[in-house]
2 protein chains.
Amino acid sequence: MRLYNYWRSSASWRVRIALAWKKVPYEYRAVHLVKEGGEQYRPEYKAMNPASQVPLLELDDGRTIAQSMAIVEYLEERYPTPSLLAGDAWRRARIRQLAEVVNSGIQPFQNMPATLGYVKDVLKGDETAWVRHFVTRGLGFLEKTAVETAGTFLVGDEPTLADVFMVPQLYAARRFSVPVEPFSTLLRIEAACNDLPAFAEAHPDRQPDAPRP
Amino acid sequence: MRLYNYWRSSASWRVRIALAWKKVPYEYRAVHLVKEGGEQYRPEYKAMNPASQVPLLELDDGRTIAQSMAIVEYLEERYPTPSLLAGDAWRRARIRQLAEVVNSGIQPFQNMPATLGYVKDVLKGDETAWVRHFVTRGLGFLEKTAVETAGTFLVGDEPTLADVFMVPQLYAARRFSVPVEPFSTLLRIEAACNDLPAFAEAHPDRQPDAPRP
């Protein structure tokens, strides 16, 4: 399988964690979102994903899957062990709920260039204030909802898709200088995740397209 | 089960379609998003969903699930027949991908009051132009991606979660006066969906909290 992705994209990082957690080998294909106007807009990439977004998973037979949530659900179905979505139907639902707080409730608002470009260039607005508003709000929802199920991780004592979505979101929050100290439950769980090799290996700084120091 | 929802909310409508398709009985609990500053902000509702959003599914034992994607996945697991997510792992992935183009790629940008309120009140921007930009863009991605799998419905010849997410999105597009004529594949499929009793029953106008003509 080939993963088209970008080192610093939070949605790409989610998929890399899931692949590492399940020890699924894959070929890393870098799509530089900034260089030369954005490689995601090249015709050959748009032919695979009309939305010009990463990540995109290309299977061995050439079929593709876009949207990080769809990709991680696919990985969970094809490689069920070790699971990132274990438990009864309600627990699985709550894992997905927490992941969606990030996926549809936060990330779209920090998307670059689609969202932040419009805020800055068309509306002449303060895109930094915009990001801080929506990221702070979303992390607050996540913190309050997590209290009900949190153990060592967001839902119980094993990592789940909820954690896979949260860790890259906290990294993005810091990039945008969002104060994260108020989210003590999330920070405690993030530290537990960072101790796991799968999360560490998938970190942006360790990817082949990350700038060398 | 009780569904906390609002007649005109597109995310609420998605869940109503899934419930109707699977013929699952439920109690309709209206949460008026505008009246008295928004019933979703009442303390008793925030205790169930800190994000103050609809829909919310409350199970018989009092446990809750928020986020429409998490709810419909739960319904699919608990009531697998008739399915809205049938097929092999790739087909299921593509269904979820198309649903996410709406869920995380369009709807967050038209969310009222969180998104449109900020655009209008804080940025003093044209919220109508904003909505048209993001909805047109997202429907374009959906149309182009659908071509690969479309039959009578978005993925093959039976309705799936992809259609469940698309139909309320087209309704929302018209509310915001977005021209939908360019999306001929989507419109053809929408007409097929509207012929199905489950989609018709779940329509906003047929809900108990819809304004009487």
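In what follows, the structure referred to is the one given above.
Residues numbered from 1 in each chain as written. Chains lettered and ligands numbered in written order. Predicted model: local features only at pLDDT ≥ 70, side-chain atom pairs only at ≥ 80, totals over all residues. Heavy atoms only, no water.

Caption draft 1: Expanded view of the interface of chain B and chain A. At the interface, 45 residues of chain B touch 45 residues of chain A. Interface of chain B and chain A: buried area, both sides summed, is about 3,900 Å²; carbon and sulfur atoms make up 62% of it. When the buried area of chain B at its contact with chain A is split by residue, Pro50(B), Trp90(B) and Tyr118(B) rank highest and sum to 15% of it. Where chain B meets chain A, there are seven salt bridges. Linking Arg96(A) and Glu73(B) is a salt bridge whose minimum nitrogen-to-oxygen distance equals 3.6 Å. (Contact = heavy atoms within 4.5 Å. Buried area = accessible area lost by both parts, 1.4 Å probe. Salt bridge = Lys/Arg side-chain N within 4 Å of Asp/Glu carboxyl O.)

Caption draft 2: Geometry of the nonpolar core. Among the nonpolar cores identified, the biggest contains 153 residues, and Trp130(A), Leu139(A), Trp130(B) and Leu139(B) are the most heavily contacted of them. Those residues in contact with Trp130(B) that lie beyond four places of it in its chain are Thr115(A), Tyr118(A), Val119(A), Leu123(A), Trp130(A), Phe109(B), Thr115(B), Leu116(B) and Val119(B). (Core = buried A, V, L, I, M, F, W, Y, C linked by side-chain atoms within 4.5 Å. Buried < 20%, exposed > 50% of the residue type's maximum accessible area, 1.4 Å probe, protein only.)

Caption draft 3: Layout of the environment of Leu56(A). All names here are of chain A. Among the secondary structure elements, Leu56 is positioned in strand E3 (residues 56-58). Sequence separation of Leu56 and Tyr45 is 11 residues, and the distance between their C-alpha atoms is 9.7 Å. Sequence-distant contacts of Leu56, defined by excluding residues within four places in its chain, comprise Arg2, Leu3, Tyr4, Tyr45, Met48, Asn49, Thr64, Ile65, Ala66 and Ile71. (Helix = DSSP H or I, 4+ residues; strand = E, 2+ residues; numbered from the N terminus.)

Caption draft 4: Spotlight on the packing of helix H7 (residues 127-146) of chain A against helix H9 (residues 184-194) of chain A. All names here are of chain A. Closest axis-to-axis distance for the H7/H9 pair is 8 Å, and the angle between their directions is 80°. It follows from the interaxial angle that H7 and H9 lie roughly perpendicular. For the pair formed by H7 and H9, the contact residues are Leu139, Leu142 and Glu143 on the first element and Ser184, Thr185 and Leu186 on the second. Looking at the contact of H7 with H9 residue by residue, the classes come out as three nonpolar, two polar and one charged. (Axes fitted to C-alpha atoms, helices over the stretch in contact; angles between N-to-C directions. Parallel < 35°, antiparallel > 145°, perpendicular 65-115°, else oblique. Nonpolar A, V, L, I, M, F, W, Y, C, P; charged D, E, K, R; others polar.)

Caption draft 5: Highlighting the side chain of Gln40(B). Residues and elements named next belong to chain B. Mapped onto the elements, Gln40 comes out in the loop between strand E2 (27-30) and helix H2 (43-48). Given a relative accessible area of 3%, Gln40 falls into the buried group. Setting aside residues no more than four positions away along its own chain, Gln40 makes contact with Val31, His32, Leu33, Tyr45, Lys46 and Ser52.

Caption draft 6: Region of interest: helix H9 (residues 184-194) of chain B. For H9(B), the complete set of buried residues consists of Thr185(B), Leu186(B), Ile189(B), Glu190(B), Ala192(B) and Cys193(B). Along the axis of H9(B), the buried residues cluster in a sector spanning 160°; they form a single face. (Arc of directions from axis to C-beta.)

Caption draft 7: Main features of the pattern of salt bridges. Counting across every chain of the model gives 27 salt bridges over all chains. In this structure, Arg174(A) and Glu190(A) form a salt bridge, with 2.8 Å as the shortest nitrogen-oxygen distance. Residue Arg174(A) is located in helix H8 (residues 161-175), and its partner Glu190(A) is located in helix H9; the two are separated by 16 residues in the primary sequence. Accessibility expressed as a relative area gives 39% for Arg174(A), which makes it partly exposed. Classification of Glu190(A) as buried rests on a relative accessible area of 9%. Members of the salt-bridge network, linked through shared partners, are Glu73(A), Glu77(A), Arg92(A), Arg96(A), Glu73(B), Glu77(B), Arg92(B) and Arg96(B).

Caption draft 8: The packing of helix H7 (residues 127-146) of chain B against helix H8 (residues 161-175) of chain B, seen in detail. Residue and element names in this part refer to chain B. Orientation of H7 relative to H8, taken along the N-to-C sense of each, is 145°, at an axis distance of 11 Å. Crossing of H7 against H8: the hand is left-handed. On H8, the residues that touch Val135, Leu139 and Leu142 of H7 are Met166, Gln169, Leu170 and Ala173. Split into classes, the residues belonging to the contact of H7 with H8 amount to six nonpolar, one polar and no charged. (Left-handed = near helix turned anticlockwise from the far one by under 90°.)

Caption draft 9: Geometry of the relation of the copies chain B and chain A. For the pair chain B and chain A, the relating rotation is 180°, the translation along its axis is 0.0 Å, and the fit reaches an RMSD of 0.0 Å. A rotation of that kind, with that shift, is consistent with a two-fold axis. Among all residues of chain B, the minimum C-alpha distance to the rotation axis is found for Ser104(B), at 2.1 Å. Comparing contact sets, 100% of the residues at the interface of chain B also lie at the interface in chain A, consistent with an isologous, same-surface contact. (Least-squares fit on C-alpha atoms with pLDDT ≥ 70 in both.)

Caption draft 10: Structural context of the pairing of strand E1 (residues 2-5) of chain A. All names here are of chain A. Covered by surrounding structure in E1 are Arg2 and Tyr4 together with Leu3 and Asn5, the residues of both alternating faces. Strand direction decides the pairing type here: E1 and strand E2 (residues 27-30), joined by four bridges, are parallel. Bridge pairing in E2 links Leu3 to Tyr28. Note that the unit made of E1, helix H1 (residues 10-21) and E2 has a crossover that is right-handed. Pairing geometry for E1 and E3, over three bridges, is antiparallel. Paired with Arg2 across the bridge in E3 is Glu58. (Pairing = 2+ DSSP bridges. Right-handed = clockwise from strand over helix to strand, strands pointing away.)

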